[in-house]
Amino acid sequence: MEKPHTDYPVDTSPHRLAFLGAGSMNGAILRGILGSGVEPSRITATVRGTEKARDLAADTGVVALATSVDADANIDAAMGADIVFLGVKPVGIQELCREIAGALRPGTVVVSVAAAVTIDMIERSLAPGQPVVRSMPNTPLTVGRGAVGLSGGTHATDAQVDAVAALFAGSGLVRVVPEAQLDAVSAVSGSGPAYAFYLAEAMARAGEELGLEPTLARDLARATVAGAGRMLEEPGAEPSALRRAVTSPNGTTERAIATFDAEGVPDIIARAARAAADRAAEISRELAG
Ligand SMILES: NC(=O)C1=CN([C@@H]2O[C@H](COP(=O)(O)OP(=O)(O)OC[C@H]3O[C@@H](n4cnc5c(N)ncnc54)[C@H](O)[C@@H]3O)[C@@H](O)[C@H]2O)C=CC1
Ligand SMILES: O=C(O)[C@@H]1CCC=N1
């Protein structure tokens, strides 16, 4: 895999890893980590169903266990690990913590990738003193182009936070942030890939409305969003400068951008991100009971 745009030291440790709930997000992290050169033999993953476990093992070479046939799959995977990634839905995180709590060594680092589940909730569901890192990753990690915010818990040492950051750094940009900022990180980069895909969908529909054949419209939109994203990775790239370079004075793009501005698109994006962050806070309150 091409080296990702990252300035964090990349993992070179022999840590053994467990991915409990290897669905969309944990699966993307797992694939990103493998793509950065970590050996599959260091990784055990769990999912609910046997078919998914079989596909994951065949696709990645990791040991994949299904909780539907092995009730102790999470415990077995967690027991042998130095770092455990929790990738189930927010509502299942605390139950999963309680399930594995007794299987963890005191130095095992528990990394949550869940939105809205606070470090305090996670720590209270584990043995006292267990190191916890709360992260907000995104799915482009799977292609080595992720963005991750993370915060260390009460008992996580700087070295443990660094070890988790180093694992993510092989497949994306990593920033350590105060926990209070993680809902905002979620609203920008956690959910953000969906905003970019939404834009590609809308551009394809617009192309169709302008008379392009549907496949052509989709292909053009996809290549354009992907190409623009690639340009943003160039050293010193600035979105506003790149946009201006496309926008000829009194040309076609200028009319399109003026329409976005007149319709309040920047404000709509800000409101959408606010809604995402508010929903994270709402889920936290729901989980706190
Ligand atoms: N999908 C995304 O882009 C992002 C998701 N997240 C977080 O990731 C977490 C998972 O979300 P997704 O990956 O989208 O969901 P998902 O449904 O794709 O993945 C969850 C996986 O966990 C498995 N699972 C459920 N209960 C289990 C258990 N008790 N033991 C073992 N495996 C179990 C399911 O079989 C499934 O494969 C959520 O907490 C979400 O907030 C965070 C950032 C981005
Ligand atoms: O939609 C969600 O709740 C998760 C968190 C960020 C992206 N996906």
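Under an unreviewed UniProt entry, the protein has the name Pyrroline-5-carboxylate reductase and belongs to Arthrobacter halodurans. UniProt, in the comment section headed Subcellular location (unreviewed entry), describes the protein in these words: "Cytoplasm". Under the UniProt heading Pathway (unreviewed entry), the entry covering the protein gives this text: "Amino-acid biosynthesis; L-proline biosynthesis; L-proline from L-glutamate 5-semialdehyde: step 1/1."

Colleague: What is the right way to read the UniProt feature "domain: Pyrroline-5-carboxylate reductase catalytic N-terminal" (unreviewed entry) in the protein from this model?
Modeller: Summarizing the sequence annotation, UniProt attributes the feature "domain: Pyrroline-5-carboxylate reductase catalytic N-terminal" (unreviewed entry) to residues 16-115 in the numbering used throughout. Summarising residues 16-115: 41% helix, 21% strand, and an end-to-end C-alpha distance of 24 Å.

Colleague: Just to check I follow, could you spell out the domain arrangement of the protein for this structure?
Modeller: Interfaces are frequently sized by the accessible area removed from exposure as the parts join. Under the domain assignment, the protein is made up of domain 1 (17-182) and domain 2 (192-276). The distance between the C-alpha centroids of domain 1 and domain 2 comes to 33 Å.

Colleague: What is the right way to read unusual backbone geometry from this model?
Modeller: When glycine is set aside, most residues are seen to have a negative phi, and most peptide bonds are trans. Phi is positive for Ala-116, which is not a glycine, with a value near 75 degrees. Although it is not a glycine, Asn-250 sits at a positive phi angle of roughly 60 degrees. Counting through the fold element by element, Asn-250 comes out in the loop between helix 10 (239-246) and helix 11 (252-262).

Colleague: Quick question: what am I supposed to make of the UniProt feature "domain: Pyrroline-5-carboxylate reductase dimerisation" (unreviewed entry) in the protein here?
Modeller: Under the feature "domain: Pyrroline-5-carboxylate reductase dimerisation" (unreviewed entry), the UniProt entry names residues 179-282. Between the end C-alpha atoms of residues 179-282 there is a gap of 16 Å, over a span that is 80% helix and 0% strand.

Colleague: Looking at this model, I keep getting lost on the site of ligand 2. Mind explaining?
Modeller: Around ligand 2, the neighbouring residues are Ala-115, Ser-186, Gly-190 and Ser-191. Per-class residue counts for the shell around ligand 2 are 1 nonpolar, 3 polar and no charged.

Colleague: Can you walk me through the confidence of the model for the protein in this structure?
Modeller: Parts of the prediction with low pLDDT should not have their coordinates interpreted in detail. Per-residue pLDDT for the protein has a mean of 96; in total, 98% of the residues score no lower than 70. Interface confidence in the predicted complex, given as ipTM, is 0.99; pTM for the same model is 0.96.

Colleague: What is the right way to look at the site of ligand 1 in this model?
Modeller: Close contacts around ligand 1 come from 27 residues, with Gly-21, Gly-23, Ser-24, Arg-48 and Ala-114 the closest. Those elements that provide at least two residues to the shell around ligand 1 are helix 1 (24-35), strand 2 (43-47) and helix 4 (90-100). Looking at the shell around ligand 1, its residues break down into 12 nonpolar, 12 polar and 3 charged.

Colleague: Help me understand the pairing of strand 6 (residues 132-136), please; the structure alone is not making it clear to me.
Modeller: A regular strand places its side chains so that they alternate between the two faces of the sheet. For strand 6, the tally of buried residues reaches 5 of 5 residues, placing the bulk of the element in the interior. Here strand 6 shows no split at all, with Val-132, Arg-134 and Met-136 on one side and Val-133 and Ser-135 on the other all buried. Sheet topology places strand 5 (residues 109-112) next to strand 6; 3 bridges connect them, and they run parallel. Within the sheet, the bridge partner assigned to Ser-112 lies in strand 6 and is Arg-134.

Colleague: What should I look at first to understand the sheet that holds strand 5 in this one?
Modeller: Each strand in a sheet pairs with its neighbour through backbone hydrogen bonds, running either in the same direction (parallel) or in the opposite one (antiparallel). With mixed pairing, the 8 strands of this open sheet are ordered in space as 3-2-1-4-5-6-7-8. The sheet terminates laterally at strand 3 (63-66) and strand 8 (172-176), the two strands that pair on one side only. If you compare each strand with its neighbour and ignore which way they point, the axes differ by 20 degrees on average. Of the strand pairs in this sheet, strand 1 (residues 17-20) and strand 2 are connected by 4 bridges, and their pairing is parallel. By the bridge assignment, Phe-19 is partnered in strand 2 with Ala-45. Here helix 2 (residues 50-60) sits on the sheet and contacts strand 2 and strand 3; the angle it forms with strand 3, its principal contact strand, is near 180 degrees.

Colleague: Looking at this structure, I do not really get the environment of Leu-287. What am I missing?
Modeller: Following the sequence through the fold, Leu-287 ends up in helix 12 (residues 265-288). Exposure remark for Leu-287: the 16 C-beta atoms within 10 Å place this residue in the partly exposed category. A C-alpha to C-alpha distance of 42 Å links Leu-287 and Arg-243, two positions 44 residues apart in sequence. Not counting the four nearest positions on each side in its chain, Leu-287 is found in contact with Pro-90, Val-91, Ala-116, Val-117 and Met-121.

Colleague: Would you take a moment to explain the packing of helix 7 (residues 182-190) against helix 12 for this structure?
Modeller: The relative placement of two packed helices is expressed as an angle between their axes plus a distance between the axes. Look at helix 7 against helix 12: their axes get within 8 Å of each other, and the N-to-C directions meet at 135 degrees. For the element pair helix 7 / helix 12, the angle class is oblique. Seen from above, helix 7 lies across helix 12 with right-handed handedness. Contacts from Asp-183, Ala-184, Ser-186, Ala-187 and Val-188 in helix 7 reach Ala-273, Ala-276, Ala-277, Ala-280 and Ala-281 in helix 12. Across the contact of helix 7 with helix 12, the residue classes break down as 8 nonpolar, 1 polar and 1 charged.

Colleague: What is the right way to look at helix 6 (residues 158-169) in this model?
Modeller: An α-helical segment advances 3.6 residues per turn. Residues three or four places apart therefore align on the same side. Over its 12 residues, helix 6 runs 16 Å from end to end, which matches the ideal 16 Å to within 8%, given 1.5 Å per residue. On its buried side, helix 6 packs onto helix 1, strand 4 (83-86), strand 5, strand 6, strand 7 (146-152) and strand 8.

Rules behind the numbers
Residues numbered from 1 in each chain as written. Chains lettered and ligands numbered in written order. Predicted model: local features only at pLDDT ≥ 70, side-chain atom pairs only at ≥ 80, totals over all residues. UniProt positions renumbered as here; feature names shortened; annotations may be inferred. Helix = DSSP H or I, 4+ residues; strand = E, 2+ residues; numbered from the N terminus. Domains from an automatic or database assignment. Near = placed C-beta within 6 Å. Nonpolar A, V, L, I, M, F, W, Y, C, P; charged D, E, K, R; others polar. pLDDT = per-residue confidence, 0-100. Buried ≥ 20, exposed ≤ 12 C-beta atoms within 10 Å, placed from the backbone. Pairing = 2+ DSSP bridges. Axes fitted to C-alpha atoms, helices over the stretch in contact; angles between N-to-C directions. Contact = placed C-beta atoms within 7 Å. Parallel < 35°, antiparallel > 145°, perpendicular 65-115°, else oblique. Left-handed = near helix turned anticlockwise from the far one by under 90°. Expected span 1.5 Å × (residues − 1).

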